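# Report on the structure
As a plain string of letters, each chain reads:
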Amino acid sequence: MADTKREIERKYEATQDTRLPDLTRAAGVDRVAPRGRTDLDAVYWDTADLRLAADSLTLRRRTGGADEGWHVKFPVAVGVRDEIHEPLSDTLPPSLAALLRSRVRNAEIAPVVRLLSSRDVHHLLADDGTLLAEVSVDTVLAERLAGEGSGTTAAWTEIEVELADDGDPAVLDAVEKRLRKAGVRPAASSSKLARALAETTPKRVEDGHREADSTAGDHVLAYVRKQIATIVRLDPAVRRDLPDSVHKMRVATRRLRSAFKTHRRILGREATDPLGAELKWLAAELGLDRDQEVLDERIGSRVEALPAALTLGPVRGRLRAWSAARRTGSRRRIIDVLDGQRYLDLLEALDALSADPPLRPAARRAPEKALPRAVLKDYEKLARRMDHALERPPGPERDTAMHEARKAAKRARYAGESARPALGKPAKRFARRVKAVQTVLGDHQDSVVAREALRTLAIQSHAAGETAFTWGLLYGQEEAAAEARERELPEVWARASAPGLRADLKH
């Protein structure tokens, strides 16, 4: 099974003549323990067009050192990466291949760079012997194995300072202070691979000219490409079961699908409608257990808030059994979806649209002309649904109308957010006000769903000879919560529907 560690390190430029300063003068460091020299042989793999490197990912097979084997590194923040390690083998382990699938897809991966490093290691220790950080002086020889510059070599020396597990980042600051005082400066490249690629790729003459996002099409495509990149980026996070990753990936699919609908005058429907249908499928697959999880949390929190005297019967056990019966085993199902050809085909189709977008004539218009029209069209749909919902008397018909208004509010909010880079603060204000409407409507819908679940639990309890008192009590609480949201809605909608808010979008 793959091992994962959080790597927090900083890199510095050095030469063969560079000597480490006295690091015991760094705050918190009591002594420096030399650990000797190690020879490392690392081969970095990528696609022919360097897709992994383009996203700052690294895949390597390394021999030598205590952690020899296969490594995949995902960027988390500046100087922070998650490293996933599998034991040494001749071929890429399937677990690591899966984490790279959203980038690699059907392309082949092959060795692109080989790095031979001679590493001189020093441990920085606290006065009680605790390891604070590891300092390495690496003498590196890089050889390009494929692509442009194949056969080219480069050599350099660098210093790495890696924080110990659960270490205090202040140690890195203290060490950097001593290094800078000794004339050692931070490295320009974020990784050895990035430096090796830069130094072994033939230099091109660039004219330095780049067209700014100047048309409505430019802005819409920038937003669309951002959502596509988010889906691809979150794929390995979902596979690793990182917190909130499934929800975030689902949101990205919804934002992208919504953008296709909002900007139909910019992007042709003949291309976006089929993709929208596939995105709807993906969002549904991602949401199978997410919706149940939200429902469990809502009902469970209400149960926990009840006094013991009002919790009659095996309430918690009944809730657990009901929830388990509704679970779909979606963890395995989601992985199967991500491993499936349908999902892979969707990613390929999204890339094809990004590379060759089906731009319509309106795409050539100025964004301040075309984008407000698209946002306001979604607003008008929301306004019609809100009017319908507010006119209905309390009951199932109003519940349904409010649910439809919630979906329209989400789309209008996403429309405002997609226009924000072009329209600025007016779009931000519009999206924020509509989001408030969506929140009220969403909580109301959650209450509708919770009441139906509580009714089912009450029926099951009664059939099993248990008292349904507690479920009825919770049903009443949800009714009260829904009524409170219905009373709140007109005021929230009034703020979101203020004429000035929409007028600002046009200026």
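Coordinates for the structure precede this section.
Let us look at the structure shown here. The structure presented is a predicted model; accordingly, all values stated were derived computationally and were not measured. (Residues numbered from 1 in each chain as written. Predicted model: local features only at pLDDT ≥ 70, side-chain atom pairs only at ≥ 80, totals over all residues. Heavy atoms only, no water.)

## Quick look at the overall build of the protein
We apply this condition: Helix numbers and strand numbers start at the N terminus; a helix is a DSSP run of H or I with at least 4 residues, a strand a run of E with at least 2. Per-residue accessibility, obtained with a 1.4 Å probe over protein chains only, is compared with the maximum for each type, and a residue is labelled buried under 20%, exposed over 50%, and partly exposed between these values. In what follows, a contact means two residues having at least one pair of non-hydrogen atoms within 4.5 Å. To measure how exposed things are, a 1.4 Å probe is used in the Shrake-Rupley method; for residues, cover is taken only from the protein chains shown. When charges are counted, Lys and Arg contribute as positive and Asp and Glu as negative, whereas His and the chain ends are disregarded. Lys charges are placed at NZ, Arg charges at CZ, Asp charges at CG and Glu charges at CD.
Scanning the protein from N- to C-terminus turns up 17 helices and eight strands. C-alpha atoms of the protein, sized along the principal axes, occupy 80 × 65 × 45 Å. Counting every position in the protein, which comprises 507 residues, the buried fraction comes to 46%. The long-range fraction of contacts in the protein, counting pairs at least 24 apart against all pairs at least 6 apart in sequence, stands at 73%. A total accessible area of about 25200 Å² is found for the protein, and carbon and sulfur atoms account for 51% of it. Of the charged side chains in the protein, 88 are positive and 79 negative; the average position of the first set lies 6 Å away from that of the second.

## Focus on the pattern of salt bridges
Put simply, the rule is: For this document, the term salt bridge refers to a Lys or Arg side-chain nitrogen within 4 Å of an Asp or Glu carboxyl oxygen.
Scanning all chains against the criterion turns up 54 salt bridges. Notably, a salt bridge pairs glutamate 158 with lysine 192, separated by 2.8 Å at the nearest N-O pair. Residue glutamate 158 is located in strand β8 (residues 153-163), and its partner lysine 192 is located in helix α5 (residues 192-200); the two are separated by 34 residues in the primary sequence. Residues glutamate 158 and lysine 192 agree in their burial class; the two are buried.

## With respect to the packing of aromatic side chains
To keep it simple, the criterion reads: Think of it this way: a Phe, Tyr or Trp ring, Trp meaning its six-membered ring, pairs with another when their centres are within 6.5 Å, and the plane angle makes it stacked under 30 degrees, edge-to-face over 60, tilted otherwise.
Per the counting criterion, the structure on display carries three aromatic pairs. Here the aromatic rings of tyrosine 379 and phenylalanine 430 are separated by 6.3 Å at their centres, their planes lie at 65 degrees, and the arrangement is edge-to-face. With tyrosine 379 in helix α13 (residues 367-391) and phenylalanine 430 in helix α15 (residues 425-463), the pair connects residues that are 51 residues apart, well separated along the chain. Like phenylalanine 430, tyrosine 379 is buried. Centroid distance tyrosine 379 to tryptophan 493: 5.8 Å. Interplanar angle 15 degrees. Geometry classified as stacked. On the criterion of sequence distance, the pair formed by tyrosine 379 in helix α13 and tryptophan 493 in helix α16 (residues 469-496) is long-range, its members being 114 residues apart. Residue tyrosine 379 is classed as buried on the basis of its relative accessible area, which comes to 8%.

## Let's talk about a nonpolar patch on the surface
Using the following cut-off: Put simply, a patch holds well-exposed residues, over 30% relative accessible area, that have no salt bridge, with like charges counted together within 9 Å and Val, Leu, Ile, Met, Phe, Trp or Tyr side chains within 5 Å.
Judged by side-chain polarity, Leu310, Leu312 and Phe469 come together as a nonpolar surface patch covering roughly 230 Å² of accessible area. Its place among the elements puts leucine 310 in the loop between α9 (288-305) and α10 (315-326). Exposure remark for leucine 310: the relative accessible area of 31% places this residue in the partly exposed category.

## Section: the pairing of strand β3 (residues 58-63)
The criterion, for reference: Pairing between strands requires that DSSP locate at least two bridges from one strand to the other.
Summarising the sheet, strand β2 (residues 31-46) and β3 pair through four bridges and their orientation is antiparallel. For aspartate 41, the partnering residue across the bridge sits in β3 and is threonine 63. In the sheet, β3 pairs with strand β4 (residues 69-77) via five bridges, with the strands oriented antiparallel. Note that in β4 the partner of arginine 60 across the bridge is histidine 71. Where β3 folds back on β4, the antiparallel hairpin that results is connected by five residues, among which glycine 64 adopts a positive phi of roughly 95 degrees.

## Here we look at the packing of α10 against α15
To characterise two packed helices, one gives the angle between the axes of the helices and the distance between these axes. Applied cut-off: Lines fitted to C-alpha atoms define the axes, with helix axes restricted to the stretch in contact, and inter-axis angles between N-to-C directions lie between 0 and 180 degrees. To sort the angles, those under 35 degrees are grouped as roughly parallel, those over 145 as roughly antiparallel, those from 65 to 115 as roughly perpendicular, and the leftovers as oblique. Note on convention: near helix rotated counterclockwise from far helix by under a right angle means a left-handed crossing. Clockwise means right-handed. All amino acids are sorted into three groups, where Ala, Val, Leu, Ile, Met, Phe, Trp, Tyr, Cys and Pro are nonpolar, Asp, Glu, Lys and Arg are charged, and the leftover types, Gly among them, are polar.
As a packed pair, α10 and α15 sit with axes 11 Å apart at the nearest point and diverge in direction by 115 degrees. Relative to α15, α10 is oriented roughly perpendicular. Once α10 is placed against α15, the crossing between them reads as right-handed. Along its contact with α10, which presents Arg318, Leu319 and Trp322, the element α15 presents Ala453, Thr456, Leu457, Gln460 and Ser461. When its residues are assigned to classes, the contact of α10 with α15 shows four nonpolar, three polar and one charged.

## A look at the packing of α9 against α16
Here α9 crosses α16 at 115 degrees, and the two axes come no closer than 11 Å. With respect to their mutual orientation, α9 and α16 come out roughly perpendicular. Viewed along their axes, α9 and α16 form a crossing whose handedness is right-handed. Along the contact surface, α9 presents Arg298, Ile299, Arg302 and Val303, while α16 presents Trp471, Leu474, Gln477, Glu478 and Ala481. When the residues that make up the contact of α9 with α16 are grouped by side-chain class, the tally is five nonpolar, one polar and three charged.

## Quick look at the sheet that holds β8
In space, the eight strands of this closed barrel follow the order β1-β5-β4-β3-β2-β6-β7-β8, with antiparallel pairing throughout. Neighbour to neighbour, the strand axes of the sheet diverge by 35 degrees on average, direction disregarded. Lying on the sheet, α5 is in contact with β1 (3-14), β2, β3, β6 (110-125), β7 (131-144) and β8; it crosses β8 at an angle near 160 degrees.

## Quick notes on the environment of threonine 272
You can see threonine 272 is positioned in helix α8 (residues 269-286). The class of threonine 272 is buried, set by a relative accessible area of 1%. In this structure threonine 272 touches Phe260, Leu267 and Leu353, once residues within four positions along its chain are discounted.

## Describing the side chain of serine 461
Within the secondary structure, serine 461 is located in helix α15. Not counting the four nearest positions on each side in its chain, serine 461 is found in contact with Arg318, Glu466, Thr467 and Trp471.

## Description of helix α12 (residues 341-355)
Three- or four-residue spacings in an α-helix give side chains the same orientation, since the helix completes a turn every 3.6 residues. Selection rule: Between the first and last residue of a helix there are one fewer steps than residues, each counted as 1.5 Å, and that sum is the expected span.
Taking 1.5 Å of rise per residue, the 15 residues of α12 would be expected to cover 21 Å, and the 21 Å separating its terminal C-alpha atoms lies within 8% of that figure. All of the buried residues in α12 are Tyr343, Leu344, Leu346, Leu347, Leu350, Leu353 and Ser354. Buried residues along α12 sit in contact with α3 (101-104), α6 (216-239), α7 (245-262), α8 and α11 (330-339).

## Remarks on the nonpolar core
Heads up, the condition is: Definition used in this section: a nonpolar core is a set of buried Ala, Val, Leu, Ile, Met, Phe, Trp, Tyr and Cys residues joined via side-chain atoms within 4.5 Å.
In this structure, Val224, Phe260 and Val437 are the most contacted members of the largest nonpolar core, which totals 66 residues. Not counting the four nearest positions on each side in its chain, valine 224 is found in contact with Leu256, Ala259, Phe260, Leu267 and Leu353.

## As for unusual backbone geometry
Residue serine 56 is not a glycine yet carries a positive backbone phi of 60 degrees. Inspection of the secondary structure assignment puts serine 56 in the loop between α1 (51-54) and β3. What makes serine 56 partly exposed here is its relative accessible area of 43%. Of note in this structure, aspartate 166 is not a glycine but carries a positive phi near 60 degrees. In this fold, aspartate 166 is placed in the loop between β8 and α4 (170-181). You can call aspartate 166 exposed: its relative accessible area is 85%.

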